[in-house]
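# Examination of the molecular architecture
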Amino acid sequence: MVSLIIQFSKYAIIILMAIYTMQSYIVFSKKDEDDKEFLFLRQNLMMFMIHFIAFVIMYLEMEESELVFFYGSQFIYLAATLVFFRNLYPRASKLVVNHMCMLITIGFIMVTRLSYEQSVDQFKIVAASTAVALIVPLIIRKMHVLTRWTWLYAAIGIGLLAAVAVAAPEVNGANLGFTVGGISIQPSEFVKIIFVFAVAGMLAKAKNFRDIVVATAVAAIHVLILVYSTDLGSALIFFATYLVMLYVATRNCLYVFAGLGAGSVAAVAAYHLFAHVRVRVQVWQNPFLDYSGSGYQIAQSLFAIAAGGWFGTGLFQGTPDAIPYAGEDFMFAAIAEELGGIFAICLILVCMSCYIMFVNIAMRLSNRFYRLVALGLGTMYAVQVFLTVGGAMKFIPMTGVTLPLVSHGGSSMLSTVLMFSIIQGLYILREDEEDQIEKIRERELESRRYY
């Protein structure tokens, strides 16, 4: 009977996820606010149903009474997050809030399935992150002084990365962060946000080639420190984000081609200088050459994705825990195995919908600084998703970054929730700007009628 329920549940979860994903794109064609609101509420229903079905299956498999209370806590958190954002910020983007909650829900399910202890830690981090994030849109909306702290952002970012490069212990061939009171902190996750603010400030004020050179030098210092720390995944994210922001700020393709050329040279140099990089490239080329050694992770990831097929094996019917770091670097493979290829594709489409929203918000902001911030944060998010998914599928070499909001990881979770909250603040700013434009138009019409 339990086996039958599990088999039925995997199809139900896929159907619900497919409906949620379709609504993520249908909403862009809707003009009427009531129609949009109906779609958003239906998305919430899909999310809660997926969450409920998954925890029923986990309870049947694990038979742990703690899961009932844990499910209840997560349900309360998700409901409270939706209610608080809707009521505190009525003008916030409901689609962005829904996507954030859906991705967190998928993370709750998969991390709990892989490790109950880690899932409890993850839940605490998510709850604390959301509590902090609730005040961020207000800060973005009211503190216009944030646009003036360009060099402070740069100094803090470079200082934190330098401290990691010099003093952090080496873990798996890289200097990533510190452990304080049993809590691991990875400063590069927070420097991502600071870096975007610093670069946005410089490019927004750039008036000549010298200003572009200064901004490029600051960005290069960030990237080079990360390369020195052999945190190559973060270095690539910073590099790609800067190139996109540079192109949007200057509209000059030559700068982008020059950056790509410099990046290619740096990649070749890193291959020859760092054994860690050579191993990852060799594993990418042929993971089965050293299956029991360095190629084991990516080989197991490929086996997991293949075993899942289109519809997945079902929760607890696969072996995702056979992949080292399944809850962090290879979360996409774990999802593809047990929830299926269709669910995994829907997950990618939801992430793409997030990026579309970020770019949409950026392009409609009149303030140059805020526009670049929104674009930079969106690019950071999109590149990280690409690196995680591409690495798990052997499309690109594995870079060791997490799937935002889904994978286990405290620093990554906090920084990504803050990132989404900043985007909400910028969305509200955009709404304010449109209101001001509308008021100006109304005054002009009234003055024309008067005369």
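Predicted, not measured: the structure shown is a model, and the values here were computed from it.

Cut-off values and rules
- Residues numbered from 1 in each chain as written.
- Predicted model: local features only at pLDDT ≥ 70, side-chain atom pairs only at ≥ 80, totals over all residues.
- Heavy atoms only, no water.
- Helix = DSSP H or I, 4+ residues; strand = E, 2+ residues; numbered from the N terminus.
- Rg over C-alpha atoms; globule rule 2.2 N^0.38 Å.
- Buried < 20%, exposed > 50% of the residue type's maximum accessible area, 1.4 Å probe, protein only.
- Contact = heavy atoms within 4.5 Å.
- Areas by Shrake-Rupley, 256 points an atom, 1.4 Å probe, with all protein chains shown as cover.
- Lys, Arg positive; Asp, Glu negative; His and termini not counted.
- Charge placed at Lys NZ, Arg CZ, Asp CG, Glu CD.
- Axes fitted to C-alpha atoms, helices over the stretch in contact; angles between N-to-C directions.
- Parallel < 35°, antiparallel > 145°, perpendicular 65-115°, else oblique.
- Left-handed = near helix turned anticlockwise from the far one by under 90°.
- Nonpolar A, V, L, I, M, F, W, Y, C, P; charged D, E, K, R; others polar.
- Polar contact = N/O pair within 3.5 Å; in protein donor to acceptor, adjacent residues only side chain to side chain.
- Disulfide = S-S within 2.5 Å.
- Phe/Tyr/Trp six-rings, centres within 6.5 Å; stacked < 30°, edge-to-face > 60°.
- Lys NZ or Arg CZ within 6 Å of the ring centre and 35° of its normal.

On to the overall build of the protein chain, then. Counting secondary structure elements, the protein chain contains 17 helices and four strands. A globule of 451 residues ought to have a C-alpha radius of gyration of about 22 Å, and the protein chain, at 23 Å, matches this closely. The principal-axis extents of the C-alpha atoms in the protein chain amount to approximately 80 × 55 × 40 Å. Looking at the 451 residues of the protein chain, the share that counts as buried comes to 50%. The long-range share in the protein chain, meaning contacts at least 24 apart out of those at least 6 apart in sequence, stands at 74%. Carbon together with sulfur atoms contributes 67% to the accessible area of the protein chain, which is approximately 20,500 Å² in total. Each charge class in the protein chain was averaged separately, 30 positive and 30 negative side chains, and the resulting centres sit 12 Å apart.

It is the contact of helix α3 (residues 66-88) with helix α5 (residues 116-133), at a shortest axis distance of 11 Å, that shows an interaxial angle of 20 degrees. Considered as vectors, α3 and α5 are oriented roughly parallel to each other. Crossing of α3 over α5 shows left-handed handedness. Judged by residue contacts, Glu66, Leu67, Phe70, Ser73, Gln74, Tyr77 and Thr81 of α3 engage Tyr116, Ser119, Val120, Phe123, Val126, Ala127 and Thr130 from α5. Residue composition of the contact of α3 with α5, by class: eight nonpolar, five polar and one charged.

To continue, consider the environment of Gln43. Within the fold, Gln43 resides in helix α2 (residues 33-62). Measuring from C-alpha to C-alpha, the distance between Gln43 and Leu95 comes to 9.0 Å, with 52 residues separating the pair along the chain. Once you skip the residues sitting within four places of it in the chain, Gln43 turns out to touch Tyr20, Gln23, Ser24, Leu95, Asn98 and His99. Among the polar contacts listed, one links the side chain of Gln43 to the backbone oxygen of Tyr20, at a separation of 3.3 Å.

Our focus in this paragraph is the state of the cysteines. Tallied over the entire structure, the rule returns zero disulfides. A disulfide-free cysteine, Cys351 has its sulfur positioned 6.1 Å from the sulfur of Cys354, the nearest such atom. Judged by its relative accessible area of 7%, Cys351 falls in the buried class.

Before going further, it helps to examine the packing of aromatic side chains. The full count for this structure, using the stated rule, is 22 aromatic pairs. Judged by centre distance (6.2 Å) and plane angle (70 degrees), the ring pair of Tyr25 and Phe28 falls under edge-to-face. With a relative accessible area of 27%, Tyr25 lands in the partly exposed category. Under the relative-accessibility criterion, Phe28 is labelled partly exposed at 33%. Counting every residue linked through ring pairs, the aromatic cluster contains Phe48, Phe52, Phe55, Phe70, Tyr71, Phe75, Tyr77, Phe108, Tyr116 and Phe123. Looking at Arg113, its charged tip hangs above the ring of Phe316, at a distance of 4.6 Å from the centre.

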